[in-house]
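Descriptive structure summary
One-letter residues, chain by chain:
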Amino acid sequence: MDLHLLNKEQKIAVEHQKGPLLVLSGAGTGKTRVLTSRFVYIVKNLKFDFNRIIAVTFTNKAANEIKERVNKTLKHNIESPWIGTFHSIFAKFLRKHAHHVSLKSNFNILDSEDQKKLIKQVLEYCKIDKEVSESIYLNDIQNLKDEKIFSHDKSKILKYSSLENIDEIYNVYQQRLIEINAVDFGDILLHSYFILTNHKDIKENHSNFIQHILIDEFQDTNLLQYDLIKLLLNDNQNLFCVGDDDQSIYAWRGAKIENIINFPNEFNCEVVRLTKNYRSNNAILEAASSVISNNKNRLGKNLESFNNEIPEQKINFKSFYSQEEESLWVADNISRKYNDQETFGILVRLTAQMRSIEDKLIKYALPYEIIGGPRFFERKEIKDVLSYLKLANSQSDDLSFERIINLPRRGIGEQSIKIVIDHSRSNNLSFFESLKDLAQSNKLSPSLISKTQPFIDLINKISDLINKTSLEDLGIFVIEESGYLKMLENEKNKLKQIENESRIDNLKELVNALSEFENLDEFLEHVGLVNENQKKIHQNSIKLMTLHAAKGLEFDHVYLPGWEEGIFPSSRALEQNSNKSLEEERRLAYVGITRAKYDLNLSYASSRYTYGINNYSLPSRFLSEIKSINLEETSYIKNQSDTNKSKLLSSDNTALSPGKKRMIEFLNKHKK
């Protein structure tokens, strides 16, 4: 191991002798090198057996990277069961002690599809109304497990979750898992926690055997993960945690920033700060530091650039009148810079922002791919609403019929759908025509007719409106009248609420996309061509993703569009009006800025046309927090009159377009 390759702070961390240590590793400061060097140092210099070292990562990729680097340095093929993700490490532990939780050692780990099948059986057994989808119950159960709440803790379950009958469902679900000798991902950690807390001999055997524990991305640990690690500590407390409190951006999925913030006091230990950044230039680091310094709940550090090969360049800041202008500029600017030697990343706060950008990248024939999710027109909620439009446009579209006949849920079971399909095949009819024929000839039960007739009426009404109103208004009508929007808005599960807010934003952006076309056939053709166009991925494609998905990545050129109040920080964070949610948004801004090596482009649009409304926006407060002297602003609205400028920068919504009024009038007119 070449310690001379480490800087002063890295070396201090790696050569730490014993006891707990927190390494605050800022963006681009070489945390993986420190973690792997620490592992090697413990083996070579402190003379510990590598099998007695736990190294925990959050992805299999990171675990494999550590193994490869350690193997190369030690020149020994290390295959330790203690290097990996939380789930991979504790799955091995659980197999060894499975009988303590009434499992056999050969238990199965269910994937998401198997979990859905199992919860479906549970709901049928409990005679639960299926208005709530299986995934919602599974999300809530996972949240309960992350909070260390067991299926028998009824009072804790009801205090934490607002889902009706969740206590019964959780309990029966766990019973069925035991009966079929299976676990889900939450069980791997929760069962392990139960064993370590209820069997003193097992806890002592493991804590005495394990001599050192290394944790990567410590700021992303949740309550259960952190408590599991502490159960494995012995009196030496050799706990080496590497993380960055300024990059804690996953509170919405259970991560506790308090774990890293409270660590120094909890263990009465020193903190080593890695501040030498080898990724970005000074202008970018100054901007990142000036923004994140406004957070109060942080341990604090200031990054400085230590890579002379990174060119110095001013940050580019632009303002636009509309999101269309902004998207057009992003695509045009990239097209002028694009080459196969450099990397490009477009990072957005909301997935709904992607649609307009995707459209412009296609028009400029630029190769791109979506990271961490499907393309806009391939997203579930978009395909669902498009299926309503497709079926109304062509009532022989059986695939669309099958997709939406029970979406939102109408209580139409598989047997009922089979009746419709069998009738269609016997009479050479489409599925929708078959349903209409059965209903008109009274060949369905009164109960089934009451469930299907509103669907028939809705599709007929949409068909009738296709050539009588604008596509924009038609899209709004489908989203509202189908009950799809209400379904998303009524979600009670905490995690799904956040996800559904994004889905609602995507539906609003779909309406924007519809507004750009004259007729439905033209629009549906466009959707088909867009999806087909992106099947081939260029080797050096432009990466389009959310800020959350960008963590851990880096690009030569980074574009951060949509920096306005209500987009970033998000409207949800502003509505909560709490320092906690706003500070997480600010950490997200810090992550976005520090993805750039030298070319950083910030922008905002003064107006966004959303769901028939022209919303005027204020620039993000995060922009005003950037005090870097290298910030260069070019405004695309500077040539407008002072009156128009004041209107653009006003938050007074009385000056909005008449789109909202038109939408309300349209819906009222076509109400049944």
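Counting starts from 1 at the beginning of each chain's written sequence and moves along it residue by residue. Restriction of local features to residues with pLDDT of at least 70 applies here, the model being predicted, together with a cutoff of 80 or more for giving and counting side-chain atom pairs; totals for whole chains, interfaces and linings are based on all residues. In computing side-chain values, all of the structure's heavy atoms are included and hydrogens and water are not.

1. Concerning the pairing of strand S17 (residues 613-616)
Put simply, the rule is: Any two strands between which DSSP finds at least two bridges are classified as paired. A run of H or I in DSSP counts as a helix once it spans at least four residues, and a run of E counts as a strand once it spans at least two, with each numbered from the N terminus.
Examined bridge by bridge, strand S16 (residues 596-610) and S17 share 4 bridges and lie antiparallel to one another. The residue of S17 that forms the bridge with Arg 608 is Asn 615. Between the antiparallel neighbours S16 and S17 lie 2 residues, among them Tyr 611 with a positive phi of about 55 degrees.

2. Overview of the nonpolar core
Test applied: We define a nonpolar core as any set of buried Ala, Val, Leu, Ile, Met, Phe, Trp, Tyr and Cys residues linked to one another through side-chain atoms lying within 4.5 Å. Between buried and exposed lies partly exposed: a residue is buried under 20% and exposed over 50% of the maximum accessible area for its type, with that area taken using a 1.4 Å probe on protein chains only. Throughout, a residue-residue contact means that at least one pair of heavy atoms, one from each residue, lies within 4.5 Å.
With 65 residues, the main nonpolar core has Phe 90, Ile 213, Leu 239 and Phe 263 as its most contacted residues. What Ile 213 contacts, discounting residues up to four positions off in sequence, is Ile 54, Ile 229, Leu 232, Leu 233, Asn 238, Leu 239 and Phe 240. Core analysis: the next-biggest nonpolar cluster, separate from the first, contains 54 residues, Leu 386, Leu 389, Ile 456 and Ala 513 among them.

3. Considering the packing of aromatic side chains
What counts, and what does not: Only Phe, Tyr and Trp rings are paired, with Trp represented by its six-membered ring, and only when their centres lie within 6.5 Å; those with planes under 30 degrees apart are stacked, over 60 edge-to-face, the remainder tilted. Placement of a charge over a ring requires the Lys NZ or Arg CZ to be within 6 Å of the ring centre, with the centre-to-atom vector within 35 degrees of the ring normal.
Under the definition given, this model contains 21 aromatic pairs. With a centroid separation of 4.7 Å and an interplanar angle of 35 degrees, the aromatic rings of Phe 263 and Phe 267 are classed as tilted. Here Phe 263 pairs with Phe 267, and both are found in helix H13 (residues 263-267), just 4 residues apart, close to one helical turn. Phe 267 shares its class with Phe 263; the two are buried. Ring centres 5.1 Å apart and planes at 85 degrees place the aromatic pair Trp 563 and Phe 568 in the edge-to-face group. Judged on exposure class, the residue Trp 563 and its partner Phe 568 are both buried. Three or more aromatic residues joined by ring pairs make a cluster, and in this case those are Tyr 388, Phe 401, Phe 431, Phe 432 and Phe 455. Across from the ring centre of Phe 107, 4.1 Å away, lies the NZ or CZ of Arg 95, which sits over that ring. Between Lys 276 and the ring centre of Phe 306, over which it is positioned, the NZ or CZ distance is 5.1 Å.

4. Quick look at the packing of helix H2 (residues 31-44) against helix H3 (residues 60-74)
To keep things clear, this is the line we draw: Axis definition: a line fitted to C-alpha atoms, over the contacting stretch in the case of helices. Angles run 0 to 180 degrees between N-to-C directions. An angle counts as roughly parallel when it lies under 35 degrees, as roughly antiparallel when it exceeds 145, as roughly perpendicular when it falls between 65 and 115, and as oblique in every other case. By convention, the crossing between two helices is left-handed when the near helix turns anticlockwise from the far helix through less than a right angle, and right-handed when the turn is clockwise. Ten residues, namely Ala, Val, Leu, Ile, Met, Phe, Trp, Tyr, Cys and Pro, are considered nonpolar, four, namely Asp, Glu, Lys and Arg, are considered charged, and the remaining ones, Gly among them, are considered polar.
In the contact formed by H2 and H3, the axes pass within 10 Å of each other and the chain directions differ by 45 degrees. On the basis of their axis angle, the class for H2 and H3 is oblique. Once H2 is placed against H3, the crossing between them reads as right-handed. In this structure, H2 uses Thr 32, Arg 33, Leu 35, Thr 36, Phe 39, Val 40, Val 43 and Lys 44 to contact H3, whose residues at the interface are Glu 65, Ile 66, Arg 69, Val 70, Thr 73 and Leu 74. Counted by class, the contact of H2 with H3 contains 7 nonpolar, 3 polar and 4 charged residues.

5. A short note on helix H19 (residues 414-426)
Given 3.6 residues per helical turn, the α-helix brings residues three or four places apart onto the same face. Heads up, the condition is: One less than the number of residues in a helix, times 1.5 Å, gives the span that helix is expected to have. Throughout, the arc means that of the directions going from the helix axis to the C-beta atoms.
Taking 1.5 Å of rise per residue, the 13 residues of H19 would be expected to cover 18 Å, and the 18 Å separating its terminal C-alpha atoms lies within 8% of that figure. Within H19, burial applies to Ser 416, Ile 417, Val 420, Ile 421, His 423 and Ser 424. Buried residues of H19, viewed axially, fall in a sector of 160 degrees; they line one side. The exposed set on the far side of H19, more than 90 degrees from its buried face, consists of Glu 414, Gln 415, Arg 425 and Ser 426. Elements that come into contact with the buried residues of H19 comprise helix H18 (398-404), helix H20 (431-440) and helix H21 (446-465). One or two steps after H19, the chain reaches Asn 428, where phi turns positive at roughly 55 degrees.

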